[in-house]
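# Observations on the three-dimensional arrangement
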Amino acid sequence: MLSKLINNFFLSRNERVLKKLNDLVIKINSLEKDLLNLSDYELKKKTHEFKLRLKNGDTIDSLLPEAFSVIRESSKRIFGMRHFDVQILGGIILHKKCIAEMRTGEGKTLTATLPAYLNALLGKGVHIVTMNDYLAKRDANKNRILFEFLGLSVGINISGMSQEEKKKAYLADITYGTNHEYGFDYLRDNMIFCNTEKVQRKLYFALVDEVDSILIDEARTPLVISGSIENSSSLYNHINSLVIYLTPKNKKNCNKICKTGDFYIDYKQRQVYLTEIGLVKVEKLLVKHNFILKKESLYLSENIFFIHHVILALKAHYLFLKDIDYIIQNKKIIIVDEHTGRLMSSRRWSDGLHQAIEAKENVFIQNDNQTLATITLQNYFRLYVKLSGMTGTAATEAVEFNSIYKLDTVVIPTNKPMIRKDMPDLVYLSKQDKINAIISDIRSCVRRKQPVLVGTVSIEKSEQISKLLSKLNIKHNVLNAKIHSQEALIISKAGEPGAVTIATNMAGRGTDIVLGGILIDNSNDKRYLFKKNSFILKLWRDKNRLVVKSGGLHIIGTERHESRRIDNQLRGRSGRQGDPGSSRFYLSLDDSLMRLFASKSVIHFMKTIGMKEGQSIEHPWLSKSIEQAQKKVENQNFDSRKQLLEYDDIINEQRSVIYNERNKLINKSSIHDYILCILKDRIHYCIKQYISGNTINLDSFFSLEQELKNNFYFIKSINKFLEHDTTLYENVDKLIDLIVTTIQFSYNNNTSSVLKKYSNMIEKSVMLQILDIFWTEHLNAVDSLRQSVYLRGYAQQDPQQEYKRESFFMFQSMLESIKNNVIKTLIKIFFIDFEKEKNIYLNFIDNKDFNSFHLLIRKSIEII
Ligand code: ADP
Ligand code: MG
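Here's a quick rundown of the structure.

### Re the overall build of the chain
- Within the chain one finds 30 helices and 24 strands.
- Here the C-alpha coordinates of the chain stretch approximately 105 × 80 × 50 Å along the principal axes.
- A buried classification covers 52% of the 864 residues belonging to the chain.
- Considering only contacts in the chain between residues 6 or more positions apart, those separated by 24 or more positions represent 73%.

See below:
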């Protein structure tokens, strides 16, 4: 009832928003006739005119109607495609920092050209974000012709490009690239030593395509740049061999909990908890295998990490399954994305989990990695001044988009009415019954020459169905998410008469399935291409007609996904641009979603109506109950993403402090005055320890002098100061000032013994490197804290609050340590090392060998 109300409210709000924009669409349409008579040259000149008007006080909002009609007119001339009114609507929504839900095949690539052009007029850069390299290249190259016609430049940002290439791509008016690449560039830009190495400009406008996939599905794994540290593979192997001695308290899909057991598995939260008995057993095992001494406790601070390793090994064995969560390829563990079934070869699970799985599978264990920089996609995209996105499926996640990104979702109507028939779910008692029914559905499609797309929830399931079809001699294609461009080619053929295509639910996303099939992939405009060759066109028309007659593209869902959105994504493959089509989901009581969430009431229901094997039922109540189950999982996943974000928010504040600091340092030609301030601060801090109240502790003069000497190379005698000026006894502040001035003076003397240019560079390099060392350490320490903070929950403390409090203290103490170490290192370099190494330093700088220069400095840094 409540959800219905909210739904109604949502719909009416949507209609109100659209209604309001209607006048703007009418206005844009009315401008069309004026542009018709312009020559190409005159049309191109519009860009220049708009830019001038922006300089003279016009805003992009006031330019919107004209700019949109110029893009539409240009697209007509270049592609032969006139932006539909709904695309104009979508363009306005995107410009207004919202999410436009536009169904698959509505032409989002073309829609994006409208806000991209308008916003690019400001010259601050527009980033169009795609799911993969293939789509970035495809869309950039497609739209480049249009943008360049209007005098704007287009860049592509994908992995593997050089720094120079990247810089150029980012300087372009409009840049196409993947979410990962943008995020990693941001992290890398905050690890450099010199401003000229930066590739990104200030982040201004990001327009995210397939926005749900990028901001929701991928948002659970943060981007991480890491460097390897020492190898501890034998530890992983040893611990891995111990876990067979531990027994679980509960098993999957079994509600029974044994009285005994060493650990408890929380399948939903993907966590493993050791029980009291388990901890005792682990301690014994570690003693037995000589990891810890007999009298030693597991809880000693130097032993506590064993618990972490044991938990990792247990997770590897019980929660991460081969061919579902990962596959083994070339003796390497490759993560499989749980939503898309895509292989994520460049990512590794963090915090040792990947190594634990490598140990379990007995493959080479790669070095432990240390996080050098990390950010969640959520926080990366929140850095943009302006953010918007488009996708075929956003409405179900409207709440999340709003609460996390402050983005409103607007559902744009389709260009032509949608006529796809979505049939109710069929539920079977057993998996076998279900598969039989699916096969017979596929068979009848093939008989009719109707193309069918079979969606699965994992690569493994895709392969199972493929095997079955092969046995039955049914010709088919399988998409297994290996190469994006190949995937696009296969999926573009999925609309051919009688084609059977098996894919994970979201594979090939971004590629259109045209009824009758498309003959040439990656064409800029099929009609234009076909016009060139009427024979090809006729061939395609015949095929298209055949497919339309057979009922259009049929979608078979072999299981309900955890998220309704992903199911909608699959359905949305069919019925584009007013095409006929149909869809049906097949379920059985063995499906994991049913087992985990819906089983009891459903079984009861089925029993009451006396259902037999081989039979299926469809009932509105059943669909409701399944939808409820999906909502439950969606909420859980939302919570876990929100939690990740809440934790990351705390680090995010700290990250922005550090990155701002870094940017300030990099942008200054000299940080000498800043260093003098820190120096003063440190001297004060040091002396304050020897003063009680306002009097100087005479007894400790000697040790104070020693400390000043050790830390600041202070070689004068304080006694002499006092002899000279007896008022200093009463005036501590004055004495401190005198010491500070003396030390600063000698520091200045030493630094000015080399040219300012050199000493500036040394100071900057020291400061930056120390900042980075400590920030990295902090990131890893905070990560460990996060892993263990849940234990505080047992002590009636709120883990998140504890995390916040403690990471704040850690951050404060890190800032202190940075200051200490910077001063200590600089004093060491300028007062000690320099005598021997001065020429080496200067040589490196003169020869612009900055790598060696920074390395030499790195060697002088001793962390205290
Ligand atoms: P989406 O991303 O919304 O699923 P695409 O951007 O891939 O859709 O476009 C689907 C197809 O529709 C493409 O072949 C594209 O060229 C075509 N198309 C888009 N807009 C128009 C238009 N205004 N007129 C004609 N064809 C269009
Ligand atoms: Mg698209």
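More follows now that the structure is in view.
### Quick look at the nonpolar core
- Core analysis: the largest hydrophobic core is formed by 102 residues, its most contacted members being Phe381, Leu708, Ile739 and Ile762.
- Among the elements that take part in this core, helix 29 (residues 799-846) stands out by supplying 15 residues, more than any other.
- Residues contacting Leu708, with those up to four places away along its chain left out, are Ile683, Cys686, Ile687, Tyr713, Phe714, Ile718, Ile739 and Ile743.
- Ile60, Leu64, Tyr176 and Phe205 belong to the second largest nonpolar core, which has 53 residues in total.

### Section: the packing of helix 16 (residues 431-448) against helix 17 (residues 459-471)
- Packing of helix 16 against helix 17 leaves a shortest axis separation of 12 Å and a crossing angle of 60°. The angle between helix 16 and helix 17 falls in the class oblique. Judged by the sense of rotation from one axis to the other, the crossing of helix 16 with helix 17 is right-handed. Here Lys431, Ile435, Ile439 and Ile442 of helix 16 lie close against helix 17, whose contacting residues are Gln464, Leu468 and Leu469.
- Of the residues that constitute the contact of helix 16 with helix 17, the class distribution is five nonpolar, one polar and one charged.

### Things to note about the sheet that holds strand 3 (residues 154-157)
- With respect to topology, seven strands assemble into an open sheet ordered 3-4-2-5-13-1-14, the strand pairing being parallel. A strand with exactly one partner marks an edge of an open sheet, and here the two such strands are strand 3 and strand 14 (408-411). Adjacent strand axes in the sheet meet at a mean angle of 20° when their direction is disregarded.
- Relative to strand 13 (residues 386-391), strand 1 (residues 98-101) runs parallel, the two being bridged by three bridges.

### So, the pairing of strand 1
- In strand 1, alternate side chains face the same way, and those of Cys98 and Ala100 on one face and Ile99 and Glu101 on the other are all buried.
- In the sheet, strand 1 pairs with strand 14 via four bridges, with the strands oriented parallel. Looking across to strand 14, one finds that Ile99 is bridged to Thr409.

### Looking at the sheet that holds strand 10 (residues 332-336)
- Read across the open sheet, the three strands follow the order 9-10-11; overall the sheet is antiparallel. Each of the sheet's edge strands pairs with one partner strand only, and the pair in question is strand 9 (326-329) and strand 11 (343-344).
- In terms of strand pairing, strand 10 meets strand 11 through two bridges, oriented antiparallel. From the neighbouring strand, Ile335 faces strand 11, where its bridge partner is Met344.
- Along the sheet, helix 13 (residues 353-360) contacts strand 9 and strand 10; its crossing angle with strand 10, the most-contacted strand, is approximately 125°.

### As for the side chain of His127
- Note that His127 resides in strand 2 (residues 126-130).
- Polar contacts involving the side chain of His127 include one to the side chain of Tyr384, which spans 2.7 Å.
- When sequence neighbours within four positions are dropped, the list of residues in contact with His127 reads Tyr170, Thr175, Tyr182, Leu203, Phe205, Ala206, Leu207 and Tyr384.

### Looking at unusual backbone geometry
- Positioned with a positive phi, Glu210 is a non-glycine residue whose angle comes to about 50°.
- Within the fold, Glu210 resides in the loop between strand 5 (205-209) and helix 9 (211-215).
- Judged by its relative accessible area of 7%, Glu210 is buried.

### Focus on the site of ligand 1
- Surrounding ligand 1, one finds 15 residues, the nearest of these being Arg82, Gln87, Gly105, Lys108 and Thr109.
- Contacts to ligand 1 include Gln87, whose side-chain N or O atom sits 2.9 Å from a nitrogen atom.
- Within the backbone of Gly105, one N or O atom sits 2.6 Å away from an oxygen atom of ligand 1.
- Surface burial for ligand 1 is 86%, taken as the share of its 570 Å² of free accessible area covered by protein chains.
- Ranked by residue count, the leading element in the shell around ligand 1 is helix 5 (residues 108-120), at three residues.
- Residues belonging to the shell around ligand 1 are distributed by class as follows: three nonpolar, six polar and six charged.

### Concerning the environment of Met131
- The topology assignment puts Met131 in the loop between strand 2 and helix 6 (133-149).
- Residue Met131 is classed as buried on the basis of its relative accessible area of 12%.
- Each C-alpha atom, one on Met131 and one on Lys46, is 32 Å from the other, the two residues being 85 residues apart in sequence.
- Apart from the residues within four sequence positions on either side, Met131 is in contact with Thr178, Asn179, Glu210, Ser213, Ile214, Arg342 and Arg509.

### Brief notes about the packing of aromatic side chains
- Taken as a whole and assessed by the stated rule, the structure comprises 18 aromatic pairs.
- Between Tyr380 and Phe381, the aromatic rings sit 5.0 Å apart at their centres with planes inclined by 75°, giving edge-to-face as the arrangement.
- For Tyr380, a relative accessible area of 0% gives the class buried.
- With relative accessibility at 0%, the residue Phe381 sits in the buried group.
- Ring geometry for Tyr841 and Phe853: centres 6.2 Å apart, planes at 80°, overall edge-to-face. Of this pair, Tyr841 sits in helix 29 while Phe853 sits in helix 30 (residues 850-860), and the two are twelve residues apart along the sequence. Residue Tyr841 shares its accessibility class with Phe853, and that shared class is buried.
- Among the aromatic residues, ring-to-ring pairing joins Tyr186, Tyr380, Phe381, Tyr384 and Tyr659 into one connected group.
- Across from the ring centre of Phe320, 4.6 Å away, lies the NZ or CZ of Arg270, which sits over that ring.
- Between Lys668 and the ring centre of Tyr674, over which it is positioned, the NZ or CZ distance is 5.6 Å.

### Considerations on the environment of Ser403
- Looking at the secondary structure, you find Ser403 in helix 15 (residues 398-405).
- A residue is classified by how much of its surface remains accessible, and Ser403, at 36% relative accessible area, is partly exposed.
- Between the C-alpha atom of Ser403 and that of Lys668, which follows or precedes it by 265 residues, the distance is 38 Å.

### Quick look at helix 8 (residues 179-189)
- Most of helix 8 is tucked away: eight of the eleven residues are buried.
- Asn179, Glu181, Tyr182, Gly183, Asp185, Tyr186, Leu187 and Asp189 are the residues of helix 8 that are buried.

### Structural notes on the side chain of Lys108
- Its location among the elements puts Lys108 in helix 5.
- It is Glu210 that comes nearest to the buried, bridge-free Lys108 among opposite-charge side chains, at 5.4 Å.
- Beyond its immediate sequence surroundings of up to four residues, Lys108 is in contact with Met102, Arg103, Asp209, Met390, Thr391 and Gly392.

### Details of the pattern of salt bridges
- In this structure the tally under the stated criterion is 50 salt bridges.
- Between Asp40 and Arg77 there is a salt bridge, with the nearest N and O atoms lying 2.8 Å from each other. Of this pair, Asp40 sits in helix 2 (residues 40-55) while Arg77 sits in helix 3 (residues 60-79), placing them 37 residues apart in sequence.
- Asp40 gets classed as partly exposed once you look at its relative accessible area, which sits at 39%.

So, how was this worked out
- Residues numbered from 1 in each chain as written.
- Chains lettered and ligands numbered in written order.
- Predicted model: local features only at pLDDT ≥ 70, side-chain atom pairs only at ≥ 80, totals over all residues.
- Heavy atoms only, no water.
- Helix = DSSP H or I, 4+ residues; strand = E, 2+ residues; numbered from the N terminus.
- Buried < 20%, exposed > 50% of the residue type's maximum accessible area, 1.4 Å probe, protein only.
- Contact = heavy atoms within 4.5 Å.
- Core = buried A, V, L, I, M, F, W, Y, C linked by side-chain atoms within 4.5 Å.
- Axes fitted to C-alpha atoms, helices over the stretch in contact; angles between N-to-C directions.
- Parallel < 35°, antiparallel > 145°, perpendicular 65-115°, else oblique.
- Left-handed = near helix turned anticlockwise from the far one by under 90°.
- Nonpolar A, V, L, I, M, F, W, Y, C, P; charged D, E, K, R; others polar.
- Pairing = 2+ DSSP bridges.
- Polar contact = N/O pair within 3.5 Å; in protein donor to acceptor, adjacent residues only side chain to side chain.
- Near = heavy atom within 4 Å.
- Areas by Shrake-Rupley, 256 points an atom, 1.4 Å probe, with all protein chains shown as cover.
- Phe/Tyr/Trp six-rings, centres within 6.5 Å; stacked < 30°, edge-to-face > 60°.
- Lys NZ or Arg CZ within 6 Å of the ring centre and 35° of its normal.
- Lys, Arg positive; Asp, Glu negative; His and termini not counted.
- Salt bridge = Lys/Arg side-chain N within 4 Å of Asp/Glu carboxyl O.

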